[in-house]
Amino acid sequence: MNKTSTAAAVLVVGTLALAGCTDNTTQASADGAISVVSTDDACNVSTDTTAGGTIKFDVKNEGSAVTEFYLLAEDGLRIVGEVENIGPGVTRDLVVMAPQGKYFTACKPGMVGDGIRAAFTVNEAADGQEVSADRAALQKNATDQYAAYVKDQNEQLVRGTEKFADAFASGDEELAKSLYAPTRMHWERIEPVAESFGDLDPILDAREADLEDGEDFTGWHRAEKDLWAPKGYTKMTESEREKIATKMVEDTKELYTRTQSLEFTPDQLANGAKELLDEVATGKVTGEEETFSHTDLWDFQANLEGAKIAYEDLQPLLVGTDDALDEELKTNFAALQKQLDAYREGDGFKYYQDLSDAQIKELASGVDALSEPLSKLTAAVVK
Amino acid sequence: MHEESAESESPKGTTLNRRLLLSAMGAGGAGLALGALGHSAYASQKSQQVPDDQVPFYGEHQSGIITEAQDRMHTAAFDVQAQSRDELIELLQTWTQAIAQMMQGQPIGTSGAVDGSYDAPPEDTGEALGLPASRLTVTVGFGRTLFEKDGKTRFGLDGKLPEALIELPHFRSDMIEEARSNGDIIVQACADDPQVAVHAIRNLARLAFGKANVRWSQIGFGRTSKTSSAQSTPRNLFGFKDGTDNIVAEHTDDLNAHVWVQKEQTDQAWMAGGSYMVIRRIRMHIETWDRATLGEQENLVGRLKGSGAPLSGGEEFTAPDFNMAGSNGPIIPVDSHIAVVHPDAHKGIRMLRRGFNYTDGSDGLGRLDAGLFFIAFVTDARTHFVPIQQAMSANDAMTEYLRNTSSGLYAIVPGVREGQYLGQQLFES
């Protein structure tokens with residue numbers, strides 16, 4: 001049943017689309033977007049041909065079920081761009097960058113089957129607009145590189161956590177203190193990935209204030225409090241330390257296992273980079289993350305490095321399509337790093353509480369300066 | 001248009017301002033003057049009609065709860081210094097009288113702002129002279145610490161502490177600042193004009209010197225809920241419509257089930273007709289929110305930013321379909337704000353929300369100190385607030401952009417009749 005209706009629909013769409021060519025201007029929106037109306041049994045695209053370059057589809061769901069819209073490559077398999085989860089009555093846009101060639105558009109009402117497809121032609125790009133033919137390959141390359149980075153950081157995190165846990169459990173406080181911040185940097189570099197595991201994140205990285213009355217306080221910050229004990233705090237017993245340490249290693253290994261098979265999408269990388277800077281803005285530059293150890297600048301550095309890796313993996317996607325953003329990000333990453341370098345001491349950094357208010361404000365404004373263009377990265381790489 | 005002409009033809013509330021009253025008053029006392037002026041002004045209208053810019057003070061319930069939400073707020077919490085029960089009652093009597101006057105757009109006391117002794121400071125501070133009543137409401141309630149503090153009962157209120165007036169627990173991610181939380185007495189002043197709301201708190205604080213002092217206060221602008229079906233749904237500082245499904249004044253059954261304390265459901269008879277007020281100062285990480293993609297923002301809220309419709313489609317008031325499948329689980333994400341706090345997820349429990357946007361300038365890092373001053377009225381916070389807040393702080397993805405900095409729970413006393421004072425039910429029960 002599905003096949004017949006799809007075939008019939010393609011026919012209908014073909015006719016509509018042909019008819020649509022003539023009144024293209026009335027159906028396209030002011031910004032030159034191609035309008036797509038998805039119903040339960042039709043996919044009306046306002047035109048079946050357009051110029052190469054950045055193409056925007058406004059997809060309106062006039063059906064009763066959730067729909068999706070795809071731009072597929074000539075083989076009908078490779079996805080050039082997609083927009084999912086369009087609820088009934090809802091309009092979403094899809095921005096893709098496509099070079100000259102043959103494509104298919106497809107709506108998928110109810111999110112099942114092959115979708116209601118129609119041929120779509122992209123002509124030569126306008127003069128001066130260079131469109132890479134292998135954007136999908138660039139995206140794949142970026143996400144593969146990032147996945148490898150996540151694995152590597154995780155490996156180092158496991159090894160570091162084992163050393164830290166040993167020192168902590170055995171009561172070698174000096175060693176444990178010296179390992180605390182550098183080891184956490186492996187966590188902080190990939191924080192959005194680690195945080196995506198809602199069960200592991202709180203037991204490994206929750207701050208005391210993050211917990212509800214009666215919840216167990218475990219993980220890094222539990223150890224932090226014990227090592228840099230505040231006034232009136234009663235230190236853990238040997239067996240309590242042992243318990244915390246064992247659990248940290250166990251959970252970190254679990255995190256490692258789970259990240260081995262992770263696959264990423266370009267928007268996850270870009271959003272992850274933005275989130276890392278958000279973490280700096282709301283936790284590190286305010287000195288809230290490391291309440292007892294005051295090693296917030298180590299975390300700051302790690303968040304910044306993690307964001308920079310994601311940006312650099314994605315950077316080839318900006319070349320020739322958003323050089324201005326690329327340049328701005330490059331400059332602002334370097335500028336913030338330079339600001340942070342001023343607080344280096346030996347292998348590490350100054351403690352947060354030794355910074356003056358003016359220095360903190362300066363750092364915060366550096367974070368804002370980088371975060372603002374970084375928030376534009378997602379839209380630039382998904383097209 | 002029609003309303004404007006009606007206003008210019010027949011004198012209504014807007015013209016019945018403080019200056020007129022004062023010039024008409026002489027030495028006669030405000031109440032008398034209002035009576036006299038009121039009589040001629042409303043000769044052609046129905047008797048007892050309250051001018052449009054005034055909200056009635058006396059009644060079964062206090063005003064400022066289901067009153068059509070005004071746009072401005074100044075709320076203050078007080079700690080009581082008075083040692084004796086009589087002194088506390090005297091303060092409440094003085095406040096009751098002043099509130100009644102201010103809600104009618106009058107200056108407080110007998111000589112107001114400019115008609116007193118040349119050698120004494122004026123009774124009323126005067127910054128509201130010439131302004132209309134501006135639909136001022138003042139709502140008063142008592143915190144747990146009025147009844148007992150440091151293990152000791154106070155003001156002879158042994159056995160009068162309602163079970164429902166609990167100490168709110170610490171919720172996940174709370175960063176509560178004690179100096180702007182709790183307090184013995186809460187006073188919420190709402191008005192259409194910020195100067196009128198601030199005038200009210202300022203004058204009540206002044207009347208309280210020596211008996212009670214301000215513990216903290218908060219100014220709010222821009223209502224974030226509608227409390228009447230005639231009002232449109234406002235937006236919060238995240239730019240989203242807020243309070244779409246709020247209980248409104250017209251929903252009597254919902255009010256009786258979720259807002260007004262019923263005689264049979266409280267261990268304290270004096271609370272019948274009252275309510276419980278929850279306040280939370282919820283700072284928003286405005287700058288990081290503004291960098292979130294539109295898609296992320298909508299997934300966090302569970303609604304479209306433009307129309308306010310749920311992600312499952314329809315219009316603003318279309319019921320969300322939490323079962324509608326999307327490509328990765330439900331189309332309304334399970335950790336979105338509406339999925340976590342919707343009454344469907346909480347046995348149909350609802351609150352009457354009456355929050356305001358606030359901005360207290362910027363913090364030292366150049367970021368807006370802004371967010372939502374959440375206010376809700378419920379029959380019992382144990383069933384109507386705590387579980388919902390627990391779910392929100394544990395499961396709501398939006399909380400990543402929020403930080404709760406103050407917290408408070410207060411027993412809102414029932415309304416009073418003319419001649420009574422606010423809280424009289426408690427002290428005479």
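As the structure is a computational prediction, the values presented were derived from the model and not from experiment. (Residues numbered from 1 in each chain as written. Chains lettered and ligands numbered in written order. Predicted model: local features only at pLDDT ≥ 70, side-chain atom pairs only at ≥ 80, totals over all residues. Heavy atoms only, no water.)

**Q** Tell me about the overall build of chain A, and please be specific about residues and values.
**A** Of the regular secondary structure elements, chain A holds 13 helices and eleven strands. Each of the 383 residues in chain A was classed as buried or not, and the buried ones make up 51%. Carbon and sulfur atoms form 51% of the exposed surface of chain A, whose accessible area is close to 17000 Å². If the 36 positive side-chain charges of chain A are averaged to one point and the 72 negative ones to another, these points end up 2 Å apart. (Helix = DSSP H or I, 4+ residues; strand = E, 2+ residues; numbered from the N terminus. Buried < 20%, exposed > 50% of the residue type's maximum accessible area, 1.4 Å probe, protein only. Areas by Shrake-Rupley, 256 points an atom, 1.4 Å probe, with all protein chains shown as cover. Lys, Arg positive; Asp, Glu negative; His and termini not counted. Charge placed at Lys NZ, Arg CZ, Asp CG, Glu CD.)

**Q** Give me the lowdown on the domain arrangement of chain A, citing residues and values where you can.
**A** Residue and element names in this part refer to chain A. Each assigned domain of chain A is listed with its residue range as follows: domain 1 (3-125), domain 2 (144-259) and domain 3 (266-381). Relative placement of domain 2 and domain 3: their C-alpha centres are 22 Å apart. Between domain 2 and domain 3, the contact holds 21 residues from the first and 24 residues from the second. With both sides pooled, the region where domain 2 packs onto domain 3 buries about 1900 Å², and carbon together with sulfur makes up 57% of that total. Counting the contacts that link domain 2 with domain 3 gives seven salt bridges. The salt bridge partner of Glu188 is Lys284, with a shortest N-O separation of 2.9 Å. When contributions to the side of domain 2 that touches domain 3 are tallied by element, the ones reaching two or more residues are α3 (135-169), α4 (173-189), α5 (191-195) and α7 (220-227). (Domains from an automatic or database assignment. Contact = heavy atoms within 4.5 Å. Buried area = accessible area lost by both parts, 1.4 Å probe. Salt bridge = Lys/Arg side-chain N within 4 Å of Asp/Glu carboxyl O.)

**Q** Explain the interface of chain A and chain B to me, using residue names and the numbers behind them.
**A** Contacts between chain A and chain B engage 33 residues on the former and 33 residues on the latter. Of the roughly 2700 Å² buried between chain A and chain B on both sides combined, carbon and sulfur atoms contribute 48%. At the boundary of chain A with chain B, the tally comes to seven salt bridges. Our count for the contact surface shared by chain A and chain B stands at 13 residue pairs in polar contact (both at pLDDT 80 or more). (Polar contact = N/O pair within 3.5 Å; in protein donor to acceptor, adjacent residues only side chain to side chain.)

**Q** Outline the state of the cysteines, supporting the account with residue identities and numerical values.
**A** Residue and element names in this part refer to chain A. Applying the stated rule across the entire model yields one disulfide over all chains. Shown here is the disulfide that connects Cys43 with Cys107, its sulfur atoms set 2.0 Å apart. The sign of the S-S torsion, about 60°, decides the handedness of the disulfide formed by Cys43 and Cys107: right-handed. Of this pair, Cys43 sits in strand β2 (residues 43-45) while Cys107 sits in strand β8 (residues 101-107), and the two are 64 residues apart along the sequence. (Disulfide = S-S within 2.5 Å.)

**Q** Can you break down the confidence of the model for chain B residue by residue, with the values?
**A** All names here are of chain B. Overall, the predicted model of chain B reaches an average pLDDT of 90, with 89% of residues at or above 70. Ignoring residues within four places in sequence, the model shows residues 1-47, a span with pLDDT below 50, making 55 contacts including any to other chains. With pTM at 0.87, the complex prediction returns an ipTM value of 0.85. (pLDDT = per-residue confidence, 0-100.)

**Q** Explain the packing of aromatic side chains to me, and be specific about the residues and the numbers.
**A** Residue and element names in this part refer to chain A. Scanning the entire structure with this criterion turns up 21 aromatic pairs over all chains. With a centroid separation of 6.1 Å and 55° between ring planes, the pair formed by Phe164 and Tyr180 is classed as tilted. Residue Phe164 is located in helix α3, and its partner Tyr180 is located in helix α4; the two are separated by 16 residues in the primary sequence. When sorted by exposure, Phe164 lands in the same class as Tyr180, which is buried. Aromatic pair Trp298 and Tyr351: ring centres 5.8 Å apart, planes at 35°, arrangement tilted. Of the two residues, Trp298 sits in helix α10 (residues 296-314) while Tyr351 sits in the loop between β11 (348-349) and α12 (357-374), which places them 53 residues apart along the sequence. (Phe/Tyr/Trp six-rings, centres within 6.5 Å; stacked < 30°, edge-to-face > 60°.)

**Q** Tell me about the UniProt feature "domain: Imelysin-like" (unreviewed entry) in chain A, and name the residues and values.
**A** The residues that UniProt annotates with the feature "domain: Imelysin-like" (unreviewed entry) are residues 142-377 of chain A. The span residues 142-377 of chain A is 69% helix and 2% strand, and its two end C-alpha atoms sit 13 Å from each other. (UniProt positions renumbered as here; feature names shortened; annotations may be inferred.)

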